[in-house]
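# Structural description and commentary
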Amino acid sequence: MSMWEMVLALFAVVLFTSISLSYNQALWTQTDYLNNATLVVQANYICHSVLDEIDAKLFSKSYSFLNIVSMFRDSTNVVYYPHLKQSFNIKITAIDSDSLGFSLPSPNPNSLFKTVTVTVSGPSALRHNISLKRLYTKTNM
């Protein structure tokens, strides 16, 4: 093998190694994006499930509409999901509100509207807290 053939073989090794590293880095970046998206979807699902549980308990009369604010004034909870190996912090806040969901100037337990806000924070990959708000209306007088 001549010197020129060895230089060409060395260039080929360098070329294929750099291409391999580029593909590997792109693959890890896409995996990271997918994991981050999974955490956002999971946090959104947690918010919906908490609000749906409150809906179900209101419909079944397990919760009284007038007691929503006292039950969920500042409730916090930590949930661990082993399949994601992540913990999520759930904060539930309930307030007396007007028909648009804005807080009343003074608490009114007989208000016809209650707003429940669920905020989920968690691992560092979940860069922003996910927050959902639902406005509940008293339907039976």
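All values reported here derive from a predicted model rather than from experimental measurement. (Residues numbered from 1 in each chain as written. Predicted model: local features only at pLDDT ≥ 70, side-chain atom pairs only at ≥ 80, totals over all residues. Heavy atoms only, no water.)

## Some points on the pairing of strand 2 (residues 86–97)
Convention followed: In this scheme, strands are said to pair when DSSP sees at least two bridges between them. Each helix corresponds to a stretch of at least 4 residues labelled H or I by DSSP, and each strand to a stretch of at least 2 residues labelled E; elements are numbered beginning at the N terminus.
Pairing geometry for strand 1 (residues 75–81) and strand 2, over 7 bridges, is antiparallel. Across the sheet, the residue bridging to Y80 is S87, located in strand 2. From the end of strand 1 to the start of strand 2, which pair antiparallel, there are 4 residues, and K85 there has a positive phi angle of about 55 degrees. Looking at chain direction, strand 2 and strand 3 (residues 113–121) are connected through 9 bridges and run antiparallel. The residue bridging I95 from the neighbouring strand is T115, located in strand 3.

## Concerning the packing of aromatic side chains
Spelled out, the test is: Pairing of aromatic side chains requires ring centres within 6.5 Å, counting the rings of Phe and Tyr and the six-membered ring of Trp. Pairs whose planes differ by under 30 degrees are stacked, by over 60 edge-to-face, and all others tilted. Accessible area is worked out with a 1.4 Å probe on protein chains only. A residue is then buried under 20% of its type maximum, exposed over 50%, and partly exposed in between.
Counted by the stated rule, this structure contains 2 aromatic pairs. Taking the centre distance of 5.9 Å and the plane angle of 70 degrees together, the rings of Y81 and F88 count as edge-to-face. Considered together, Y81 and F88 belong to a single accessibility category, that of buried residues.

## Some words on the pattern of salt bridges
Worth spelling out the cut-off: Take a side-chain nitrogen of Lys or Arg and a carboxyl oxygen of Asp or Glu: if they are within 4 Å of each other, that pair is a salt bridge.
This model, assessed by the stated rule, comprises 4 salt bridges. Across the pair E53 and K57 runs a salt bridge whose closest N-O atoms are separated by 3.8 Å. Taken together, the residues span about one helical turn, with E53 and K57 both in helix 1 (residues 3–59) at a distance of 4 residues. Residue classification places E53 among the partly exposed residues on the basis of a relative accessible area of 43%. When salt bridges that share partners are traced, they join D52, D55 and R134 into one network.

## Examining the nonpolar core
The condition is simple: Only buried residues count toward a nonpolar core. Its members are Ala, Val, Leu, Ile, Met, Phe, Trp, Tyr and Cys residues joined through side-chain atoms within 4.5 Å. The contact criterion used is simple: two residues touch if any of their non-hydrogen atoms lie within 4.5 Å.
Of all hydrophobic cores here, the largest spans 25 residues; its most connected members are F88, V116, V118 and V120. Broken down by secondary-structure element, the contributors of at least two residues to this core are helix 1, helix 2 (68–71), strand 2, strand 3 and strand 4 (130–137). When neighbours within four sequence positions are excluded, V120 is seen to be in contact with A43, I46, C47, F88, N89, I90, L126, N129 and I130.

## Digging into the sheet that holds strand 2
What counts, and what does not: Angles shown run from 0 to 180 degrees and are taken between the N-to-C directions of axes, each axis being a line fitted to C-alpha atoms and, for helices, limited to the stretch in contact.
Strand order in the open sheet formed by 4 strands is 1-2-3-4, with antiparallel pairing between adjacent strands. Looking at which strands have only one partner, the edges of the open sheet turn out to be strand 1 and strand 4. Going from strand to strand, the sheet's axes swing by 20 degrees on average, the running direction of each strand aside. The strands touched by helix 1 are strand 1, strand 2, strand 3 and strand 4; relative to strand 4, the strand with the most contacts, the crossing angle is about 20 degrees.

## As for the side chain of D55
Positionally, D55 belongs in helix 1. Its relative accessible area of 19% is what places D55 among the buried residues. Those residues within four positions of D55 in sequence are excluded, and the remaining contacts are R134 and Y136.

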